[in-house]
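Take a look at the letters that make up each chain.
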2 protein chains.
Amino acid sequence: MANDLPQPLQAEVDEVAADRERGASELARHSLEILATAAHTAPADSAATLHTLLNALATALMAARPSMAPIYNLLHCWCKELEKPAAISLDELRTEAAAHAAQLIQASREAVERIAVRGAQLIQPGETVITHSFSSTVVAVLEKLQNQSIQVIVTESRPRCEGYQLAQQLSQWAIPTTLITDAQVGLFVQHADVALVGADTLLADGALVNKVGTYPLALAAHAQGIPFYVCCEQFKRRTEAMSPLELEAMDPAELGAPAYPHVTVKNIYFEITPARLITEWISE
Amino acid sequence: MANDLPQPLQAEVDEVAADRERGASELARHSLEILATAAHTAPADSAATLHTLLNALATALMAARPSMAPIYNLLHCWCKELEKPAAISLDELRTEAAAHAAQLIQASREAVERIAVRGAQLIQPGETVITHSFSSTVVAVLEKLQNQSIQVIVTESRPRCEGYQLAQQLSQWAIPTTLITDAQVGLFVQHADVALVGADTLLADGALVNKVGTYPLALAAHAQGIPFYVCCEQFKRRTEAMSPLELEAMDPAELGAPAYPHVTVKNIYFEITPARLITEWISE
């Protein structure tokens, strides 16, 4: 059982739980940064105390975002690498724990870079890419293509509209971009050559867990006969050890809809896209 | 060629062109009301002058909403029924023109009523219906089912969110309703027994023109194996005589998206759903 965390660390966990901007990989790297900082700075009178605290912090971070396999996988990997406290001094544990976190962050960044190279090879100069939501891995692919005369079609991705953030990034690279409502996704697939999305989690049966709205895009891409590529680092794979998949429901107030009796507003963030709709997984 | 319309009549045409709330049938009936009022009250010194004016008004109303076949069909029908002015006095023309408009409005309302009866027979007590956008014909079906323990899933239908209006109506009938973003449509089809939408236009090949977002709903219903029913009065059928189908693009500002260089916002209201995805047309 996790111990109660000191308030400043609990606040970091709460921030991860509440984060609606960052994708799963980014949040996993951010969680590792939180662990590295805690390894250096958390008050502890012995290696054993620090070890217990860091494990409790990692456990709380994993539990904060149950839909996001990368957080579980990277933090689980980090916990396993922590030396047993009996064999190590407090200062050594601080240094090693922070170094392990940095190594995993680096490995995650390298995975994104390898995917960006592979993804960019799959898209031809002059093609139009349609995407949904904001994926830092998709952004890495598009960055490589910024001088290849591509165009990009971006959905708003209600309710938080992180598509605006993606459009802003593409604007900075002078990539001609079309911004549409989520409802227009089926219409605009007809103007695209390739659909490209990120992943929050890859399921054991090859299905994708990603931001809600991904499944209609995949259906439309399939109907239109264009490839549907998913950028996905290997550590996004769900393992048996994880808690059952939970599709996180967020605050209905985010929709800004009026309240009426007998009307329930739903705001589920993630959905499953079946393996049969996925043309290719782009991984490291 | 249409004559220039007197300003008050042109204002009515402009209002029809700008209307984002009413569906095609409602706007067609509203256009007939405009014609009936003009028949009674438009200044004219002879039957010939009034005849020319009313024809010009009808032509302008038809041109105001090129995506909406019901406006074309009902107004074309009305024009054909107008007596030649040589055979009739000014007062007789006023009376007859207004009466024809009233008859067509009545015929349109009766068509909706027949569809409501048929549509209600296709939905079993206790079933969950998913719909998109606001269709007065779908509302007529759901009204008949208000004591049948049905539930309804309603999309927002960005950018104008006419789904809120539908949710409000269902709330008044105490029908348990779930309101979702357009992006959640694929996820929530899995909780529905039946998909039911209205139509702006029925194409010659059996395809449907309806509010954008209808096609993803139809794809998801097909993938999920639930029926996709379309409520559609016969006068929504496009004929050869109409101008080529144009999917109306509306003001991009309706999205409320930030402006960035190289980013174009698109706001197309209608899209085509192919006949193969439609389980059954419910018509009068």
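The numbering scheme is per chain: residues are counted from 1 as the chain's sequence reads. Whichever chain is written first is A, and whichever ligand is written first is 1; the rest continue in order. Residue-level local features of this predicted model are given only where pLDDT is at least 70; pairs of side-chain atoms are given and counted only at 80 or more, and the full residue set underlies all totals for whole chains, interfaces and linings. Hydrogens and water molecules were not included; the side-chain quantities draw on all heavy atoms of the structure.

A.B. asks: Would you mind going over the side chain of A:Arg29 with me for this structure?
C.D. replies: Residue and element names in this part refer to chain A. Residue position: Arg29 is located in helix α2 (residues 24–41). Buried charge Arg29 goes without a salt bridge, the closest partner of opposite sign being Glu233 at 4.6 Å. Whether two residues touch is decided by their heavy atoms; if any such pair falls within 4.5 Å, the residues are in contact. Among residues more than four places away in sequence, those in contact with Arg29 are Ile105, Ser108, Arg109, Val112 and Ser136. We count a stretch as a helix when DSSP gives it H or I for four or more residues in a row; a strand needs E for two or more, and each element gets its number in order from the N terminus. Residue burial is assigned from relative accessible area. The probe radius is 1.4 Å, only protein chains are included, and a residue is buried under 20% of its type maximum, exposed over 50%, and partly exposed in between. By the counting scheme adopted, Arg and Lys are positive, Glu and Asp are negative, and His together with the chain ends is not counted. Throughout this description, the term salt bridge denotes a Lys or Arg side-chain nitrogen within 4 Å of a carboxyl oxygen of Asp or Glu.

A.B. asks: Whenever I open this one, the sheet that holds strand β5 (residues 201–202) of chain B confuses me. Can you help?
C.D. replies: Hydrogen bonds between backbone groups are what pair the strands of a sheet, and the pairing can be parallel or antiparallel. Residues and elements named next belong to chain B. An order of β5-β6-β9 is seen for the three strands of this open sheet, with the pairing classed as antiparallel. Strands at the two margins of the open sheet, each flanked by one partner only, are β5 and β9 (270–273). Packed on one face of the sheet, helix α9 (residues 214–224) meets β6 (208–211) and β9 and runs near 30° to β9. Here, a strand pair is defined by DSSP locating no fewer than two bridges between the strands. Fitted lines through C-alpha atoms serve as axes, helices being fitted only where they are in contact, and the angles separating the N-to-C directions of these axes extend from 0 to 180 degrees.

A.B. asks: Hey, could you run me through the pattern of salt bridges in this one?
C.D. replies: Close approach of charged atoms allows side chains with opposite charge to pair. Residue and element names in this part refer to chain A. Counted by the stated rule, this structure contains 20 salt bridges over all chains. As a salt-bridge pair, Glu110 and Arg114 come within 3.8 Å of each other at their nearest N and O atoms. Taken together, the positions of Glu110 and Arg114, both in helix α5 (residues 90–122) and four residues apart, correspond to about one turn of that helix. The exposure class of Glu110 is partly exposed, given its relative accessible area of 37%. Owing to a relative accessible area of 45%, Arg114 belongs among the partly exposed residues under this scheme. Overlapping salt bridges bring together Glu15, Asp19 and Arg22 as one network.

A.B. asks: What am I meant to see in the interface of chain A and chain B here?
C.D. replies: It is common to give the size of an interface as the accessible area lost on bringing the parts into contact. Counting residues at the interface gives 48 residues for chain A and 48 residues for chain B. Between chain A and chain B lies a buried interface of about 3700 Å² when both sides are counted; carbon and sulfur atoms form 65% of it. Taken together, the connections running from chain A to chain B amount to two salt bridges. Between B:Arg158 and A:Glu156 there is a salt bridge, with its nearest N and O atoms 2.3 Å apart. For this analysis, a polar contact is any N or O atom pair within 3.5 Å, provided that within protein one partner can donate a hydrogen and the other can accept it, and provided that sequence-adjacent residues contribute only side-chain to side-chain pairs. Between the two partners, chain A and chain B, sit 20 residue pairs in polar contact (both at pLDDT 80 or more). Broken down by secondary-structure element, the contributors of at least two residues to the side of chain A that touches chain B are α7 (162–172), β3 (177–180), α8 (185–189), α9 (214–224), β8 (263–265) and β9 (270–273) of chain A. Top element by residues in the side of chain A that touches chain B is α9(A). It accounts for six residues. As used here, buried area is the combined drop in accessible area, with a 1.4 Å probe, of two parts when they are placed together.

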